[in-house]
Amino acid sequence: MTKNIGILIDKTGELKEVKITDMENLYKTCKLKKPDNFDLRHTWKVKIKSDKYIIKLYAKNDGRANTENKYDLPPPIDNDLFFGAMLVVGYDNDEEIIDMSIELWEKGYEKLFGGFENVK
C-alpha cells in the first residue's frame, strides 16, 4: 500500500503531517491504544480553485477530562467536543485518498469558514 499523508491535529491544536499506512486502524495514527469511540466524525466537500476535495475528520467523541482537543473546527461541528488527537484525511472526487498537506488543509479550512479577513 502506498503511504499517504494526512494531518494530525494534536490536542493543543498543533498540525503535523503524518504518513497513513493502515486505513483500517487510523486510531493508531493518532497514537491511541484502542479504537474505542474513534470514528469518522464529519465529511466536508470543498472546492479550492478549480479542484474539488472531500475532507474527512476522524476523532474520538468520548474521553477523560483535560484531554479535550482545543482545535477550532469548521461548521457544522464547530461546537462538538472531541478528545485527544484528530486526523484529517483528504480524498479526491472518486473517493481515492490523496496527500493532504498542511497548506492544502489550511486553504480548505479557510473556505469552510467562509474565508478570513486580514485585519491590519
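Residues numbered from 1 in each chain as written. Predicted model: local features only at pLDDT ≥ 70, side-chain atom pairs only at ≥ 80, totals over all residues. Heavy atoms only, no water.

## Quick look at the confidence of the model for the protein chain
Part 1 of the argument: Per-chain confidence: the protein chain averages 92 in pLDDT, with 92% of residues scoring 70 or above.
Part 2 of the argument: In the model of the protein chain, strand β6 (residues 97-98) stands out as the element of lowest mean pLDDT, 92, in contrast to strand β5 (residues 83-91), which has the highest, 97. (pLDDT = per-residue confidence, 0-100. Helix = DSSP H or I, 4+ residues; strand = E, 2+ residues; numbered from the N terminus.)

## Description of the packing of aromatic side chains
Part 1 of the argument: Here the structure, examined in full by the defined rule, presents 4 aromatic pairs.
Part 2 of the argument: Seen in terms of ring centroids, Tyr71 and Tyr109 are 5.5 Å apart; in terms of plane orientation they differ by 45°. Their pairing is tilted. With Tyr71 in the loop between β4 (51-60) and β5 and Tyr109 in helix α2 (residues 102-112), the pair connects residues that are 38 residues apart, well separated along the chain.
Part 3 of the argument: Look at Tyr71 and you get buried, because its relative accessible area is 15%.
Part 4 of the argument: Both rings, one in Trp105 and one in Tyr109, keep their centres 5.5 Å apart while their planes meet at 55°; by these two values the pair is tilted. Taken together, the residues Trp105 and Tyr109, both in helix α2 and 4 residues apart, mark about one turn of the helix. With respect to class, Trp105 is no different from Tyr109; both count as buried.
Part 5 of the argument: Every member of this aromatic cluster is reached through a ring pair, and the members are Trp44, Tyr71, Trp105, Tyr109 and Phe113. (Phe/Tyr/Trp six-rings, centres within 6.5 Å; stacked < 30°, edge-to-face > 60°. Buried < 20%, exposed > 50% of the residue type's maximum accessible area, 1.4 Å probe, protein only.)

## Let's talk about unusual backbone geometry
Part 1 of the argument: Cis peptide bonds are those with omega within 30 degrees of zero, and the linkage from Pro75 to Pro76 qualifies with 5°.
Part 2 of the argument: A positive phi is found at Lys49, a non-glycine position, where the angle reads about 55°.
Part 3 of the argument: Overall, the relative accessible area of 72% leaves Lys49 in the exposed class.
Part 4 of the argument: Here the phi dihedral of Glu95 falls at roughly 65°; this positive angle occurs in a residue that is not glycine.
Part 5 of the argument: Position of Glu95 relative to the elements: it lies in the loop between β5 and β6.
Part 6 of the argument: A relative accessible area of 40% places Glu95 in the partly exposed class.

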